[in-house]
Amino acid sequence: INYFPCDPTTNNPNKKWKSTTYIREAIWFESGEKSLNITRQPGLSSLLEPNQSVVNTFNNHADYDIKSTQTIKTIKLHEAAEKYKFIDAGFLSIDTQGSELEILTSGQSLLENSVSGIYIETELQELYKGQSLFSEIDTYLRKLGFILFDIDRVLMRRQNYSTKYYSRKQISHCHCLYLKPITAITLCLIHI
């Protein structure tokens, strides 16, 4: 299950082994309605509002400018799993611009009973107001038996850097692969 609105692989007709289910609601920690902040760079749009005091320290700050908002329906992860028939999902991929922990907590039973791996974006800077950071997501997933297996850092240029001089980028977020230990995966398979 890949909850990533911009996934380029969903439109590839050569991927015959894949089936695609479009979830028409945003996954959130409660069902209802919420405002989606649509940013200048669409891939940075979020249910959370950009944190301008942090965003403005980076060179790409204009990408986070809100162009418009749209009211959308929300659904909990466990409700979406039942409604769209993926209660036996083995792997989740989540990149939702700051709302990852809310999504995880809304589907804890799914994470405990069938999910063996998660590929998730985690933030090290509070780019969105009130978002969870890497440490909170890492703590939550470890309590559920997941182990951090791999991490890919994403670095961003600071505002007003000079191209004349070497300028090291700052880590802003990372993509993490969490897996359950092989013994836990085996137990999940036995219960399915």
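A. Inspection of the overall build of the protein chain at higher detail. Broken down by element type, the protein chain carries 6 helices and 8 strands. Each helix and strand of the protein chain, ordered N terminal to C terminal, gives the series β-β-β-α-β-α-β-α-α-β-α-β-β-α. The 192 residues of the protein chain split such that 40% are buried. Counting contacts in the protein chain only where the partners sit at least 6 residues apart, residues at least 24 apart contribute 72% of the total. Split by element, the accessible area of the protein chain, about 11,100 Å² in all, is 53% carbon and sulfur.

B. View of helix 5 (residues 134–143). Those residues of helix 5 lying buried are F134, I137, D138, Y140 and L141. Buried residues along helix 5 cover an arc of 165° about the axis, so they all sit on one side. In this fold, the buried residues of helix 5 make contact with helix 3 (100–105), helix 4 (108–113), strand 6 (117–123), strand 7 (147–156) and strand 8 (170–179).

C. The packing of aromatic side chains, seen in detail. Evaluated as defined, the whole model comprises 2 aromatic pairs. Sitting over the face of the ring of F58, R158 holds its NZ or CZ atom 5.6 Å from the ring centroid.

D. How the structure looks around the pattern of salt bridges. Under the defined criterion, the tally for this structure stands at 4 salt bridges. As a salt-bridge pair, R40 and D65 come within 3.4 Å of each other at their nearest N and O atoms. With R40 in the loop between strand 3 (32–39) and helix 1 (52–55) and D65 in the loop between helix 1 and strand 4 (66–75), this residue pair connects regions lying 25 residues apart in the sequence. Residue D65 is classed as partly exposed on the basis of its relative accessible area of 29%.

E. Representation of the state of the cysteines in the model. In this structure the tally under the stated criterion is 0 disulfides. Free cysteine: C174, not disulfide-bonded; nearest cysteine sulfur from C176 at 3.7 Å. For C174, a relative accessible area of 1% corresponds to the buried category.

F. The nonpolar core, seen in detail. The biggest cluster of nonpolar side chains holds 27 residues, and the ones touching the most others in it are L104, L111 and I118. Elements with a contribution of two residues or more to this core: helix 2 (77–83), strand 5 (91–94), helix 3, helix 4, strand 6, helix 5 and strand 8. Element by element, the count of residues in this core is highest for helix 5, at 4 residues. Setting aside anything within four residues of it in sequence, one finds L104 in contact with I94, L111, I118, I120, I137, Y140 and L141. Judged by nonpolar contacts, the second largest core, of 13 residues, contains W28, L47, Y64 and I72.

G. Expanded view of unusual backbone geometry. One non-glycine residue, K85, lies in the positive phi region at around 60°. Residue placement: K85 occurs in the loop between helix 2 and strand 5.

H. Spatial organisation of the sheet that holds strand 4. Strand order in the open sheet made by the 3 strands is 2-4-3, with mixed pairing throughout. The outermost strands of the open sheet, each flanked by one partner alone, are strand 2 (26–27) and strand 3. Here strand 2 pairs with strand 4 via 2 bridges, running parallel. Paired with A26 across the bridge in strand 4 is T74.

Procedures and definitions
- Residues numbered from 1 in each chain as written.
- Predicted model: local features only at pLDDT ≥ 70, side-chain atom pairs only at ≥ 80, totals over all residues.
- Heavy atoms only, no water.
- Helix = DSSP H or I, 4+ residues; strand = E, 2+ residues; numbered from the N terminus.
- Buried < 20%, exposed > 50% of the residue type's maximum accessible area, 1.4 Å probe, protein only.
- Contact = heavy atoms within 4.5 Å.
- Areas by Shrake-Rupley, 256 points an atom, 1.4 Å probe, with all protein chains shown as cover.
- Arc of directions from axis to C-beta.
- Phe/Tyr/Trp six-rings, centres within 6.5 Å; stacked < 30°, edge-to-face > 60°.
- Lys NZ or Arg CZ within 6 Å of the ring centre and 35° of its normal.
- Salt bridge = Lys/Arg side-chain N within 4 Å of Asp/Glu carboxyl O.
- Disulfide = S-S within 2.5 Å.
- Core = buried A, V, L, I, M, F, W, Y, C linked by side-chain atoms within 4.5 Å.
- Pairing = 2+ DSSP bridges.

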